[in-house]
Amino acid sequence: MRIFFLLLLSTTPLFAQENYPENYFRSPMDLPLHPSGTFGELRRNHFHAGIDYRTQQREGLPVYAAADGYVSRIKVSSYGYGTALYIDHPNGYTTLYGHLSKYAPEIEAYVREKQYEKKSFDIELFPKPGELPVTKGELVALSGNTGGSGGPHLHFEYRDTKTEEIINPLFFGLNKIMKDGQKPTVYGVMAYALEDKAVVNESEKPVALNLKLLKDGTYLTDKIYARGVMGFSINATDKSTGSLGNNGVFKIETFINGNREFKVVFDQFAFDESRYINNFIDYQKYNATKQRYQKLFINTPYTLGVIRDNTTNGKIDIKEGETINYRIEVSDFHGNKRIVNGSIEYSDKPATITQPKKVTPYFVKAANDNSYTKDGVSVFIPAHALYEDFYMDFDVKDSILYLHDDSVPVHGNITVSFDVSHLSPEVLQKTFIAGVDGKRLLYNNSYMENGRLTAKVRYLGQFKLAQDDTAPKIYSVSFAEGKWLSSKDTFSLKISDDLAGIATFDAWLNGKWILMHYDYKTRIIFHNFSDGIVDEGRNDLKVTVTDNVGNSTTFETHFFRTQKTTSVEKDK
């Protein structure tokens, strides 16, 4: 047997040997920790960066400072972490609290003042160390469901303050309150013929291995018959005690004849590494089945901190006459382990299942810049925007760009540009470069550069010029025109756009700009009367919504309000 040596992936991580302060921090919530998401969990286009506290499907539960420190960053966004809070601690770590419904009163007042100054709901602030100090256990926020959250929960992270690398929260004592006595579950193992003339079980295509669960809790695969260079991938998840959800695993190791050859540990990573998940998993299988198989080999070296301490790249070269034993160990943070055992025997049987070798005129070298032009359409693929070399489909027909398909993952931005000299200024203003997904058009932020309409995209597929001349909609107002709202705390409206998407929304009450909160999942914008903008008696409301190509809609109405209700109920 011969193992190919791995090129240097990255330096030893900063925290690899650090003793984390397990007793310095407290839990950010007084709830049992049955996480709905764990650190490093495989998500769409990224690794999950923290731990998600289930909040009993409720919002508004207390969130506490994990330790003494000061609020170092505040970010309110319609997407991502939504309403989020960052606290720097004197021991060199930062904690992050995401998807909040609101901040504690002092922080909330600080944020509200800045939002009114900037006349913007989305805002990012960096308070100075002395502005918003907090103490361990102090109420800093209430849990929520803001931003990209799929349901009420608290997203909680630890970061190194200087490097901003994200660290597994279980290192900081949360492992003591998250009980876990269950072994990870293995759903499947795949074997791959990785180079020309390699064959696995008479196949050049990836092969699913049969798994047999033995009485001792280990899995045994059927014997593999192979020749040439091969590798493995695995589909595995973990559950903690009291949690029904499938979460990510902590560590995966492979052994050949008792020697460890590959190791993945979800202890920390940098944000700019997160999109490498699309190279870390078998992306083609995920694209076809939505099943995430973690590859236990590397074709082209790349920098991903969770892969470390390897002397080989996980590729196994099976030579004539060889029989080897392999073992895959999958572990959770608490040390529960699931083992898969098997053996590989050399076989010279030819492949009965072949992998067609597709050849096109466009061979993309991932390490190089690549440019293509046809019929007024240009594509620039910079070096390292893709993970692997491949033969790409490229064509322009009937003004539609055919740029391969979405089975190939994209890491960096690809520049697509169209000649628009034939369009009038009025039409061009409403034009953008759209991705084509069947009958659906996908908006891409488009801009003029060197006389061409240009967009940067992170996916392959079909693209075309599209126009949007339909204005956004404003509807489902929470009150009838002229209604008394004296006993109400808020009012709301829904907004939507059918193509280019909403760019901005603004509202004025009696001519004064007011803050409208936005939840894109429900399409609701709402205003809190506690902001103190409302007048006694009649209030005239004006709302304007603009989409990404400049179409705009304005809605006007009025309501009445007194600051104190009378004995006669006015809210009819």
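For the structure itself, consult the block above.
Cut-off values and rules
Residues numbered from 1 in each chain as written. Predicted model: local features only at pLDDT ≥ 70, side-chain atom pairs only at ≥ 80, totals over all residues. Heavy atoms only, no water. Pairing = 2+ DSSP bridges. Helix = DSSP H or I, 4+ residues; strand = E, 2+ residues; numbered from the N terminus. Axes fitted to C-alpha atoms, helices over the stretch in contact; angles between N-to-C directions. 1 Å grid on protein atoms, 1.4 Å probe; cavity = no way out; pocket = protein on both sides within 12 Å on 5 of 7 lines; lining within 4 Å. Points joined across faces, edges and corners; volume = space filled by probe spheres on them. Nonpolar A, V, L, I, M, F, W, Y, C, P; charged D, E, K, R; others polar. Expected span 1.5 Å × (residues − 1). Buried < 20%, exposed > 50% of the residue type's maximum accessible area, 1.4 Å probe, protein only. Lys, Arg positive; Asp, Glu negative; His and termini not counted. Salt bridge = Lys/Arg side-chain N within 4 Å of Asp/Glu carboxyl O. Polar contact = N/O pair within 3.5 Å; in protein donor to acceptor, adjacent residues only side chain to side chain. Contact = heavy atoms within 4.5 Å.

Further remarks concern the sheet that holds strand β33 (residues 414-419). Read across the sheet, five strands follow the order β28-β29-β33-β37-β36 without closing on themselves; strand pairing throughout is antiparallel. A single partner strand is all that each edge strand has here, and the edge strands are β28 (370-374) and β36 (446-449). Sheet twist, expressed as the mean angle between neighbouring strand axes with direction ignored, is 25°. Sheet topology note: the strand β29 (residues 377-381)/β33 ladder contains four bridges and is antiparallel. When the sheet's bridge partners are listed, phenylalanine 380 is paired in β33 with threonine 415.

Moving on, we come to empty space enclosed by the protein. Under the definition given, this model contains three cavities of 30 Å³ or more. Taken together, 19 residues make up the lining of the largest cavity; nearest its centre are Thr38, Leu170, Met178, Gly248 and Phe333. Of the voids in this model, the second largest cavity is the one considered here, and its volume is about 70 Å³. Listing elements by their share of the lining of the second largest cavity, those giving two or more residues are β20 (251-256), β24 (312-318) and β25 (323-331). Here the residues of the lining of the second largest cavity sort into eight nonpolar, three polar and one charged.

In this model, helix α1 (residues 105-118) (14 residues) spans 20 Å end to end at C-alpha, consistent with the 20 Å of a helix rising 1.5 Å per residue. Every buried residue belonging to α1 is among Ile107, Glu108, Tyr110, Val111, Arg112 and Gln115, and all of these are buried. Two residues or fewer past α1, lysine 119 is found with a positive phi of approximately 50°.

So, about the layout of surface pockets. As a volume, the largest pocket reaches approximately 1500 Å³. Forming the walls of the largest pocket are 37 residues, and the residues nearest its centre are Gln284, Asn299, Gln355, Asp389 and Phe390. Secondary-structure elements contributing two or more residues to the lining of the largest pocket are β14 (185-193), α2 (277-280), α3 (283-289) and β30 (390-392). Its residues assigned to classes, the lining of the largest pocket comprises 18 nonpolar, seven polar and twelve charged. Lining the second largest pocket are 39 residues, and of these Arg44, Asp437, Arg440, Leu442 and Tyr459 sit closest to its centre. Listed by contribution, the elements that provide at least two residues to the lining of the second largest pocket are α3, β34 (431-437), β35 (440-444), β38 (461-467) and β40 (490-496). A total of four residues in the lining of the second largest pocket trace back to one element, the largest contributor, which is β35. Here the lining of the second largest pocket is composed, by residue class, of 18 nonpolar, nine polar and twelve charged.

Turning next to the side chain of aspartate 547. Its place among the elements puts aspartate 547 in strand β45 (residues 537-547). Among buried Asp, Glu, Lys and Arg side chains, aspartate 547 stands out as unpaired, with lysine 430 the closest opposite charge at 6.0 Å. A polar side-chain atom of aspartate 547 sits 3.0 Å from the main-chain amide nitrogen of valine 549. In this structure the side chain of aspartate 547 is engaged in a polar contact, spanning 3.0 Å, whose partner is the backbone nitrogen of glycine 550. Dropping the residues within four chain positions of it, aspartate 547 is found in contact with Asp468, Thr470, Pro472, Asp497, Ala500, Gly501, Ile502 and Ala503.

This part is about the pattern of salt bridges. Per the counting criterion, the structure on display carries 22 salt bridges. Close ionic contact of glutamate 124 with arginine 73 constitutes a salt bridge, the shortest N to O distance being 2.6 Å. Separated by 51 residues along the polypeptide, glutamate 124 in strand β9 (residues 123-125) and arginine 73 in strand β6 (residues 69-76) bring together distant segments of the chain. Its salt-bridge partner being aspartate 540, residue arginine 538 comes within 2.9 Å of it at the nearest N-O pair. Owing to a relative accessible area of 35%, aspartate 540 belongs among the partly exposed residues under this scheme. One network of salt bridges, with partners in common, ties together Glu41, Arg43 and Asp52.

As far as function goes, none of this settles anything; it's purely spatial.
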